[in-house]
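Residues per chain are reported as follows:
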Amino acid sequence: MNPTLIGKFISEQRKKHHMTQSELATLLSVTNQAISKWENGRGIPDVEMLKKLSEIFKVNINDILDGKKNQSQKFKKYFYIFIIILTILSLTLFLINSQKNTFNFYTLASDNNAFTIKGVIAYNKNKKSIYISEINYALEDEEKYKSIECLLLEVNDGLEKRIGVWGNIKNINKEAPLSELLKDVLFSVDDYDCNCTNYKCNNLYLRISVLNLNDKMITYNIPLEIDENCNL
């Protein structure tokens, strides 16, 4: 999933339907800032919002995630309008192709009291993707830090595999509370190779490392949970 392409597609569809960001935000019961964030590629809608957007714009969820109208959807429209005499075999092949392109969505969550996570894992027959759009620190936050690094990890049989990286603990960027530093963090992982061995992808976690003003590093390990089977 490419957040920039998704945002551009949402913007194009909104304008095509003659809506302002404010009007679309009202229909979705979200803030104008949320719409702006999506359209600027700094986040993507969650599963519920994707469903609502597909209904409002009358497009397939796959189109939104791919950032463009899929060729299969154009063919489907052309089929209904112009091709009346298709054989049963042609229709069967078309339905099989549509099935392969359908995304399944599962929500990423965490039972860690200090952090709330907002993300999804999406997959079809062709690929699996992970997207984490928000990481919020839920506790009182007064101490300031000067750098942050976030790792998305998978652990199997005690071995860690790095899935994604955001930031660099060695780079000094700004002095801010943890909640402020986390506002810019997001993960977008295409073609994720899920190595689940027990029919549940509950072996993912986030490792957040921050460096305070006294050069002391503090690390948080946050397990992520996916309630459904991600194997195909």
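Residues numbered from 1 in each chain as written. Predicted model: local features only at pLDDT ≥ 70, side-chain atom pairs only at ≥ 80, totals over all residues. Heavy atoms only, no water.

Participant: For this particular structure, what's the right way to read the overall build of the protein chain?
Facilitator: Broken down by element type, the protein chain carries eight helices and nine strands. Considering only contacts in the protein chain between residues 6 or more positions apart, those separated by 24 or more positions represent 61%. Accessible surface for the protein chain amounts to roughly 13200 Å². Of this, 50% is attributable to carbon and sulfur atoms. (Helix = DSSP H or I, 4+ residues; strand = E, 2+ residues; numbered from the N terminus. Contact = heavy atoms within 4.5 Å. Areas by Shrake-Rupley, 256 points an atom, 1.4 Å probe, with all protein chains shown as cover.)

Participant: What is the right way to read the nonpolar core from this model?
Facilitator: The nonpolar side chains of a soluble globular protein tend to be buried with one another. Counting 32 residues, the largest nonpolar core has Phe115, Ile132, Ile135, Leu178, Leu182 and Ile208 as its most contacted members. Counting only elements with at least two residues in this core, the list comes to β1 (104-108), β2 (115-123), β3 (128-137), β4 (144-156), α8 (178-181), β7 (187-189), β8 (204-212) and β9 (217-224). If sequence neighbours within four positions are ignored, leucine 182 has contacts with Phe115, Ile135, Asn136, Tyr137, Ile148, Cys150 and Ile208. Membership of the second largest hydrophobic core comes to 25 residues, among which are Ile10, Leu24, Phe57 and Tyr131. (Core = buried A, V, L, I, M, F, W, Y, C linked by side-chain atoms within 4.5 Å. Buried < 20%, exposed > 50% of the residue type's maximum accessible area, 1.4 Å probe, protein only.)

Participant: Please clarify how the packing of aromatic side chains should be interpreted in this entry.
Facilitator: How two aromatic rings sit relative to each other is given by the distance of their centres and the angle of their planes. Tallied over the full model, the rule gives three aromatic pairs. Ring plane angle 55 degrees and centroid distance 6.3 Å describe the contact between tyrosine 137 and tyrosine 220, whose orientation is recorded as tilted. On the criterion of sequence distance, the pair formed by tyrosine 137 in strand β3 and tyrosine 220 in strand β9 is long-range, its members being 83 residues apart. For tyrosine 137, a relative accessible area of 16% translates into the label buried. Taken together, the ring pairs in this structure connect Phe115, Tyr137 and Tyr220 into an aromatic cluster. (Phe/Tyr/Trp six-rings, centres within 6.5 Å; stacked < 30°, edge-to-face > 60°.)

Participant: Help me understand the sheet that holds β7 in this model?
Facilitator: Sheet strands pair by backbone hydrogen bonding; their relative direction is either parallel or antiparallel. Read from one edge to the other, the open sheet built from four strands follows the order β1-β2-β3-β7, with strand pairing classed as antiparallel. Every other strand in the sheet has two partners, leaving β1 and β7 as the edge strands with one partner each. Shown here is a sheet whose adjacent strand axes are inclined to one another by a mean of 10 degrees, direction ignored. The pairing of β3 with β7 spans three bridges and is classified as antiparallel. Within the sheet, the bridge partner assigned to isoleucine 130 lies in β7 and is valine 189. (Pairing = 2+ DSSP bridges. Axes fitted to C-alpha atoms, helices over the stretch in contact; angles between N-to-C directions.)

Participant: Sorry if this is basic, but what is going on with unusual backbone geometry here?
Facilitator: The phi angle of most residues is negative, glycine excepted, and most peptide bonds adopt the trans form. With a phi angle near 55 degrees, histidine 18 is a residue other than glycine that sits in the positive phi range. Looking at the secondary structure, you find histidine 18 in the loop between α1 (3-16) and α2 (21-28). Residue histidine 18 is classed as exposed on the basis of its relative accessible area of 72%. Positioned with a positive phi, aspartate 215 is a non-glycine residue whose angle comes to about 65 degrees. Mapped onto the fold, aspartate 215 is located in the loop between β8 and β9. Taking relative accessible area as the criterion, aspartate 215 reaches 51% and is therefore assigned exposed.

Participant: Please clarify how helix α4 (residues 47-57) should be interpreted in this entry.
Facilitator: In an α-helix, one turn spans 3.6 residues, which is why side chains three or four residues apart end up on the same side. Those residues of α4 that sit buried are Val47, Met49, Leu50, Leu53, Ser54, Ile56 and Phe57. Tucked inside the fold, the buried residues of α4 contact α1, α2, α3 (32-39), α5 (61-66), β1 and β2. The backbone nitrogen of glutamate 48 has a side-chain oxygen 3.3 Å away, supplied by the residue at the start of α4, namely aspartate 46. Phi for lysine 58, located one or two positions after α4, is positive at around 60 degrees. (Polar contact = N/O pair within 3.5 Å; in protein donor to acceptor, adjacent residues only side chain to side chain.)

Participant: Is there a simple way to think about the confidence of the model for the protein chain in this case?
Facilitator: Taken residue by residue, the protein chain gives an average pLDDT of 79. The fraction at 70 or more is 76%. Residue range residues 196-200 is modelled with pLDDT below 50. Its contacts to residues more than four positions away, or to other chains, number eleven contacts. (pLDDT = per-residue confidence, 0-100.)

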